[in-house]
Amino acid sequence: MNGLRLKKKTGARTSATRDSMTQEEAADTLEAFMDGNMTRIKNEQSLLDGGSGASGFSRKRPTTMRRTQKFVMDSNKNSQKQIFFAEDKFKAYLKGIIDVQGRMTEPFTLLINFGQRNPDYDSDYTKYDSYFALHVSKDNAWFTEKITSNQEKDLETDQVVSNIDLGLDPDTIQTYWISYDRDNLTIKYGKGYAMTETTLLICDLSDGATTKEQLAKKRKRWSKLFAMYDETRPKDISILLYRTESDIQKGSVKSVRSDEVAGFINMESVIEVRKEPLSVNPSPFVMDSAASTLNTIDKGMYIFSSELPPACKVLYDTVKNCDLDMEFNVGFSKSKLSDAIRYSIETEGALLNKILKTKAYLRITMGKGLGQSPGIPYVLEIWPKGARSPIHNHGAVCAVIKVLYGTIQSGIYNKVTSSVIDEKGKFRPQELLKFNCFKDEVTWMSPEWYQTHQLRNVSNDYCATVQCYRYDDNDNIQWNQFDFVNDENGEVGNFFPNTDFTFGEMRDKVMNEYESKLR
C-alpha cells in the first residue's frame, strides 16, 4: 500500500509555473487520494479481520468478556483500610481522562465524588452520599457506584482480553487511567497511555439501548453520573485518591531507586486530568488540510494538519514541502543528494560508511536550538538497510516525522515505566500497533499519542526522515532528554539529543565524494 502516491507529470515545466494545477492534474490528484485512502482502509480491515500485510496498520481486534460477580473480589476486597491522599477537579464538566501515577504497592481507590471533599470522611469514603469509584488491587480492578441506593454497588463491566495485567504493578512507577465519557455514557480503565489498545475495562451504561427512547431512559437512569445539569446533584465534583496508610508511609510514589534512572514519568503529577475522554484513536497519518475532500474527512483515516496540536502544526508547516533532492529538482545541483548519500553509505571508506560502522543510524541537525525542544528541533536521520532505533519516548514533546526517502516503520509501544523488567523477569514493553510510512508521508506524536515507538527501516535501500520536535504549549516540565530501553541490559536510560554533522557539513562532504567518483 502506497498511501497518498500522487501521479507525477512529465514535461519541461519549472517550479515557477507550478502554483496551480490543470484540470487533468487536479483529477489525477483527487483520484490518487481516493485510491490511497481506500487501499489503506482495505489493508486495515484485512489486518483487523486476522489477515496480514507488510504495510498499513497491524492491529488485533480487541475482544471482551462480561465480568460477573465471580471476577470481582469477595466481601474482603476493602479489608485494607484506605485514607485520603490527594485531590483534583475535572477540567471540563464530568468529562475527561484522569491519570494516577506512582509506585502503588497496595490497593487504591479513585473516587469521583458528587460533592466537595469532607475532611471528616478522609478515613472512610463510603460515608459520601453519591460517588463513582475505580478500585485497583494486586490482581484486579473494578468499578463501583453509590448513586441509587445507600449501599456501594459493583457495576457490570466488560473486561478486554489483553496481555496487560489488570491490577497493580508494585515494582514500577505506572500510570493508571480512567476515561470518563459523559456524552457516550461510557467509563474505561487502563494502564499506560490512554488508547484503545491499552483499555482493560469498559463500563458502557448505554448498553442495550437500541432506540432513542431507550437511550433517553438510560440517560435519565444515570443522570447523576453524566448529566450536564441536575438539580438534585451537588454542583461541586471532586476527584479523590485514597490509599492505604501503610503504602503512604513508604514515602514518595515517584522516588528513584538505586537501580533506576529518572525519566519523564518521575516528573509527572500523581493526579493529572485532561478534558477529552478516550473514544477512538486519532490517525497517526497527517494529511495537509488543503488536500482534504469529503471522502477523506468521512473515512477518518488521517488527522488533518489543521487538527494537529499547535506545536505539531508549527513543525508540519515548516517541513511539509522539504525534499531530499530539491536542489537537483530546481536545477541548482548537478547531482541528487539521495544518490550521494547512498554512495557514501555503501562505499568502503566513505564518510557515512565509516561512521555507520560504529552506530545504527545518523542524526544530522539543521538550524539552531532555541530552547523550544530537547536539543536542536530539526534533524535529518539516515537509516541504512535493516537499521532500527531502540524503543524510546521523546520526553513528552510534540513531534512530526516526514519520510524523504525509502520506507520507515513505526512500532508503537505503551508508556515506558521506571522499570522495564517486572518481578517475574518479563520484559514489559509490548508493541501495541505498527504502521509503515512511505516517501512524502507524515506522521506525528504528542505527549499522549504515539509518544513511545521504535523506528525501523523496512526498505530495500536506505531511508531518510526529517524529525522535528517542539514542547507542547502546556508542557511545564520541558524534559530535555529521550528515555529509551537499553537493548543490552533491558534497563531504562536517558539520551540527550546530539548530532553527527550539521546538514550543510554532511551535504558538502558527501556531494564532493560522489562528484569526485563521477569525474
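Structure first, text after, so check above.
Attention in this report is confined to the structure presented alongside it. (Residues numbered from 1 in each chain as written. Predicted model: local features only at pLDDT ≥ 70, side-chain atom pairs only at ≥ 80, totals over all residues. Heavy atoms only, no water.)

### Quick word on the sheet that holds strand S7 (residues 141-146)
Taken in spatial order, the six strands line up as S3-S13-S5-S6-S7-S8 in an open sheet, and their pairing is antiparallel. Each edge of the open sheet carries a strand with a single partner, namely strand S3 (82-88) and strand S8 (153-154). As defined by bridge partners, S7 adjoins S8 across two bridges and the pair is classed as antiparallel. When the sheet's bridge partners are listed, Thr144 is paired in S8 with Asp154. (Pairing = 2+ DSSP bridges. Helix = DSSP H or I, 4+ residues; strand = E, 2+ residues; numbered from the N terminus.)

### With respect to the nonpolar core
If you look at the biggest cluster of nonpolar residues, it comprises 70 residues, and the most contacted ones within it are Leu324, Ile341, Leu352, Ile382 and Trp444. Apart from residues no more than four positions distant in its own chain, Leu324 is found in contact with Leu337, Ser338, Ile341, Leu380, Leu404, Tyr405, Tyr462 and Ala464. Counting residues in each nonpolar core, the second largest holds 38 residues, with Phe132, Leu200, Ile271 and Val273 among its members. (Core = buried A, V, L, I, M, F, W, Y, C linked by side-chain atoms within 4.5 Å. Buried < 20%, exposed > 50% of the residue type's maximum accessible area, 1.4 Å probe, protein only. Contact = heavy atoms within 4.5 Å.)

### With respect to the side chain of Asp475
Counting through the fold element by element, Asp475 comes out in the loop between strand S24 (463-470) and strand S25 (482-485). Buried within the structure, Asp475 lacks any salt-bridge partner; its nearest side chain of opposite charge belongs to Arg470, at an N-O separation of 11 Å. Separated by 2.8 Å, the side chain of Asp475 and the backbone nitrogen of Gln478 make a polar contact. Excluding anything up to four places from it in sequence, Asp475 contacts Gly395 and Ala396. (Lys, Arg positive; Asp, Glu negative; His and termini not counted. Salt bridge = Lys/Arg side-chain N within 4 Å of Asp/Glu carboxyl O. Polar contact = N/O pair within 3.5 Å; in protein donor to acceptor, adjacent residues only side chain to side chain.)

### Observations regarding the pairing of strand S23 (residues 453-457)
Most of S23 is tucked away, with five of its five residues classed as buried. Side chains His453, Leu455 and Asn457 project from S23 onto one buried face, and the interleaved Gln454 and Arg456 project onto a second face that is buried too. Strand direction decides the pairing type here: strand S20 (residues 408-413) and S23, joined by five bridges, are antiparallel. Paired with Ile412 across the bridge in S23 is His453.

### Some points on helix H11 (residues 503-518)
Along its 16 residues, H11 runs 22 Å from first to last C-alpha, staying within 8% of the 22 Å computed at 1.5 Å per residue. Listing the buried residues of H11 in full gives Met506, Val510, Met511 and Tyr514. Buried residues in H11, looked at end-on, bunch into an arc of 115°, giving them a common side. Of the surrounding secondary structure, the elements contacted by the buried residues of H11 are helix H9 (337-346), helix H10 (351-355), strand S17 (362-366), strand S18 (378-383) and strand S27 (501-502). (Expected span 1.5 Å × (residues − 1). Arc of directions from axis to C-beta.)

### A look at the pattern of salt bridges
In the structure shown here, the tally under the stated rule is 24 salt bridges. Glu87 is the partner of Lys89 in a salt bridge, and the nearest nitrogen-oxygen pair spans 3.7 Å. Using a relative accessible area of 30% as the deciding quantity, one classes Lys89 as partly exposed. The exposure class of Glu87 is partly exposed, given its relative accessible area of 34%. In this structure, Asp183 engages Arg182 in a salt bridge whose closest nitrogen and oxygen atoms are separated by 3.1 Å.

### Some points on unusual backbone geometry
The backbone of Leu94 shows a phi angle near 55°, a positive value even though the residue is not glycine. Note on placement: Leu94 falls in the loop between S3 and strand S4 (96-102). Given a relative accessible area of 0%, Leu94 falls into the buried group. Look at Ala396: it is not a glycine, yet its phi comes out positive at around 65°. Following the sequence through the fold, Ala396 ends up in the loop between S18 and strand S19 (398-405). Classification of Ala396 by relative accessible area gives buried; the value is 8%.

### Points about the environment of Ser238
Relative to the helices and strands, Ser238 resides in strand S13 (residues 238-244). Spatially, the C-alpha atom of Ser238 lies 7.6 Å from that of Phe90, the residues being 148 residues apart in sequence. Within the structure, the side chain of Ser238 is placed 2.8 Å from the backbone oxygen of Gly115, a separation counted as a polar contact.

### Some points on the packing of aromatic side chains
All told, the structure shown has 18 aromatic pairs when counted by the stated rule. Ring centres 4.1 Å apart and planes at 15° place the aromatic pair Tyr361 and Trp383 in the stacked group. Taken together, the positions of Tyr361 in the loop between H10 and S17 and Trp383 in strand S18 put the pair 22 residues apart, joining distant regions of the chain. Each member of the pair Tyr361 and Trp383 is classed as buried. One aromatic cluster is present, built from ring pairs that chain together Phe90, Phe132, Phe143, Tyr180 and Phe226. The ring of Trp222 has Arg221 sitting right over it, with the charged end atom 3.9 Å from the ring centre. Against the face of Phe85 rests Arg243, its NZ or CZ located 4.6 Å from the ring centre. (Phe/Tyr/Trp six-rings, centres within 6.5 Å; stacked < 30°, edge-to-face > 60°. Lys NZ or Arg CZ within 6 Å of the ring centre and 35° of its normal.)

### What about the sheet that holds S18?
Taken together, the eight strands give an open sheet; going across it, the order is S16-S15-S22-S19-S24-S18-S17-S27, and neighbouring strands pair in mixed fashion. Two strands close off the open sheet at either side, each with one partner strand: strand S16 (303-304) and S27. The sheet contact formed by S17 and S18 spans five bridges and is antiparallel. By the bridge assignment for S18, Leu362 is matched with Ile382.

The values reported here are purely geometric and, on their own, carry no functional implication.
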